[in-house]
Amino acid sequence: MARKRGRSELATKPHIHQKRVKLNQLNDIVRLCNLCATMINESNELKSLISPREYLHSSKEELFASARKGCPICFWVHDFLQHMWIENPSAKVHFHALDSSRSESGYNRPNRLVATVGPLLDPCGKFPNIYFSISGRPKVFETTASLKTYLQASQTKLIDMSSLQTMRQVRSQLEECQISHRKCIKNNAVSLLPTLVLDVGLLGDPLIRLHRSTPQQYGSFVALSYCWGRPGSQQCQTTKSTVDKHYTGIALQDLSLSIQDAVEVTRQLGIQYLWVDALCIVQHSEDTEAEISLMGTIYKNATLTLAASSALHADAGFLRKVPAETYFKLPYQLSDEGMACIEVSLMGASFEDPFKSGRKRPFLLGSQSEPLDRRIWPLQESLLSHRLLSFGTKGMKWRCHSEAITKVRDGVKKSKALPLGVFNNTKKEQSEANLQRDQVNLWHSIVKDYSRRELNVRSDYSRAISEIVGKLASYWNDEYLAGMWRRTLVANLAWHIEKDMLWYFEQYYLETGRYSPLDAPSWSWLSKIAGVSFLKVEDVRLKLVDCRLLRSSGSPCSDFSHSSLTVFAACFEFRYDMRWRQFHYWLNTKAYEDDMFKFSPWPEKDSKIALEGLLLGFSGESAIGIIVERISGPETLYRRRGLWRNKATLADHTHMWNMENNIPGCSFKELTII
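Quick caveat: nothing in here was measured; it's all calculated off a predicted structure. (Residues numbered from 1 in each chain as written. Predicted model: local features only at pLDDT ≥ 70, side-chain atom pairs only at ≥ 80, totals over all residues. Heavy atoms only, no water.)

Peer 1: Sorry if this is basic, but what is going on with the pairing of strand 8 (residues 196–199) here?
Peer 2: For a regular strand, the rule is simple: side chains alternate between the two faces of the sheet. Burial of the side chains of strand 8 extends over both faces: Leu-196 and Leu-198 are buried on one face and Val-197 and Asp-199 on the other. For strand 8 and strand 9 (residues 207–212), the ladder comprises four bridges, and the chain directions are antiparallel. Note that in strand 9 the partner of Asp-199 across the bridge is Arg-209. Relative to strand 13 (residues 273–275), strand 8 runs antiparallel, the two being bridged by two bridges. By the bridge assignment, Asp-199 is partnered in strand 13 with Tyr-273. (Buried < 20%, exposed > 50% of the residue type's maximum accessible area, 1.4 Å probe, protein only. Helix = DSSP H or I, 4+ residues; strand = E, 2+ residues; numbered from the N terminus. Pairing = 2+ DSSP bridges.)

Shown next, in the form of structure tokens:
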């Protein structure tokens, strides 16, 4: 059996060296990393990559370094795999070429390039395979010069987030925003500096230093919003033992890569100070909680917030070179010493062979949201920032109160303004109906986003939205009631959860005792860690009598576990002996249960669960309400079990909820829900 040759052994062959010399002349255009260039040079027109002769390509660290520098092959492989390395950090990337044309004459050259984690015949099952399509007919060139001319005209452009041109565009946009944007803070409106900031110095300086602001010291500063990563992953932090040393200086090389990138951008913008929580809050000290409580104000006062959106953790960094398209040109040497070029395009990823048995299987798309956009704390950092510059996987985005711009391959493209005026200090005159409508729409959009984000500490679920709540309470002049607002309470009560895989895991861990229930009342969406959506209630019928919030501290978002809600509403007792017309009315009921129990309007005769339906109101042809369970005890208390919606005719709705009809089990009453 022939022995498989390694990289170093192949590299000693004279003709391979000649190929490298020719192809290296093109690498400033092609931008392949050394690993990918070696793979292409040694593959005999990619034929030697036909499986199972896979090519051992790179480790996690090598792939990340090459992707950051803009290698198009490594970039797209890393884009799919970056969230999966945690389970198997030592896994290696392998490449293969496939012929899936099924032509009777056999293959001439492969038409699929596949990246796997582990060998193709024995892959790591937790990782998908990434597929690239190879064009069928290569373009052949007689000279390297002619190929170079072709590549210069047709190769996919690269978005370099750290280039001088990009930084000039960002600096110009910031100056325009400060001077010209009517809705944004003007250039002379500098804010009070946080207690501690980083003095970033000048371009090229190897050190930065921690600066303690004097009382009433004003100035411009940049704030960083980023993912820390796993606990203990940040080696350089400000603590009681390091704070004096940090006043003297902090070596850039000791910082995580995301903080290094933030220092570079801040210097390029000509701003002296940078705020980063790991270094500007003295960790594990008596002042830590007080400084954390000011974070919302810090992001609100920052001249600009940098969002490291693409960085999965602090050491990932966010200044990178990004291919503008999912296709690119790939040159290689022919066996007759001629030059050729093929087009390679990303197809997607799949856990199964998408071409097996002639049945095409759907490819997984790339990352649908950035790592930072999936974390729960950064939401309020983003919403409370007057200006946000996001460094994403596919490019950069600017957002301010006046406009949004997106960095695209040919420059900066402006789009519509974002509705963030609610976070300004000015209020517009409007009717009560319009105020309630705007309040409901904004709050529901925030909750939908917030509830779908990940958190490391379960007790943070009610806290991580506290800064948004504080600003909205002042703006709306309204009272926050454990995830609800007093003015729009009924609309907020019409929430339901999405039962996805994460929700099922949550229920399993609660049942097995691994998790404890959250400290929130059952009527609040804060009692469930799950994606939350809302049904629209147009004609409100339920009335609030009283809401008692027994908080463990003065914070509006502290422990709500002993809170209660007293309402006056039309109620219907779900009983097994319903009359025909009542039975007919509830036939079209859709239930959204809060947990694993299965709701039915017709309980068993010996059922020990006493359920009732509270009417919230109507929306079009539907009646909407919540399902509550009566709790046995000395007091008549209830807990929420879900939401219901019933579609019926106006006549049926009127008959059911008109108390003058004396329908058995249907009445107006006052209930207290805990």
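Peer 1: Hey, could you run me through the environment of Pro-194 in this one?
Peer 2: Along the chain, Pro-194 turns up in the loop between strand 7 (191–192) and strand 8. Among the residues examined, Pro-194 registers a relative accessible area of 7% and is labelled buried. For the pair Pro-194 and Tyr-299, spaced 105 residues apart in the sequence, the C-alpha separation amounts to 10.0 Å. The contact partners of Pro-194, leaving out residues within four places of it in the chain, are Ser-213, Phe-221, Trp-275 and Ile-298. (Contact = heavy atoms within 4.5 Å.)

Peer 1: Sorry, what's going on with the confidence of the model for the chain here?
Peer 2: Close inspection of predicted coordinates is inappropriate in any region flagged by low pLDDT. Within the chain, residue pLDDT values average 82, and 84% of them lie at 70 or more. Note that pLDDT drops below 50 for residues 1–21; the model gives that stretch 24 contacts with residues more than four away or on any other chain. Residue range residues 102–107 is modelled with pLDDT below 50. Its contacts to residues more than four positions away, or to other chains, number six contacts. (pLDDT = per-residue confidence, 0-100.)

Peer 1: Would you mind showing me how to read the packing of aromatic side chains here?
Peer 2: Tallied over the entire structure, the rule returns 25 aromatic pairs. Ring centres of Tyr-450 and Tyr-461 lie 5.7 Å apart, and the angle between their planes is 20°; this geometry places the pair in the stacked category. With Tyr-450 in helix 15 (residues 432–451) and Tyr-461 in the loop between helix 15 and helix 16 (466–476), this residue pair connects regions lying eleven residues apart in the sequence. Side by side, Tyr-450 and Tyr-461 carry an identical accessibility label, which is buried. (Phe/Tyr/Trp six-rings, centres within 6.5 Å; stacked < 30°, edge-to-face > 60°.)

Peer 1: It is not clear to me how the pattern of salt bridges should be interpreted in this structure. Could you clarify?
Peer 2: Oppositely charged side chains may form a pair once their charged atoms are brought near each other. Per the counting criterion, the structure on display carries 26 salt bridges. A salt bridge links Asp-449 to Arg-453, with the nearest nitrogen and oxygen atoms 2.9 Å apart. When the shortest N-O distance is used, the salt bridge between Glu-629 and Arg-639 registers 3.1 Å. Residue Glu-629 is found in strand 31 (residues 622–631), and its partner Arg-639 is found in strand 32 (residues 637–647); the two are separated by ten residues along the sequence. The class for Glu-629 is buried, based on a relative accessible area of 12%. In this structure, a network of salt bridges that share partners links the residues Asp-595, Glu-629, Arg-639 and Arg-641. (Salt bridge = Lys/Arg side-chain N within 4 Å of Asp/Glu carboxyl O.)

Peer 1: Any chance you could explain the environment of Leu-535 here in plain terms?
Peer 2: For Leu-535, the location among the structural elements is in the loop between strand 25 (531–534) and strand 26 (539–540). Taking the relative accessible area as the measure of exposure, Leu-535 reaches 11% and is therefore buried. Spatially, the C-alpha atoms of Leu-535 and Ile-624 are 7.9 Å apart, while their sequence positions differ by 89 residues. The residues contacting Leu-535, other than those within four sequence positions of it, are Ala-494, His-496, Tyr-592, Ile-624, Leu-643 and Arg-645.

Peer 1: What exactly am I supposed to notice about the side chain of Thr-239 here?
Peer 2: Turning to its location among the elements, Thr-239 is positioned in the loop between strand 11 (221–225) and helix 9 (243–248). What Thr-239 contacts, discounting residues up to four positions off in sequence, is Val-282 and Gln-283.

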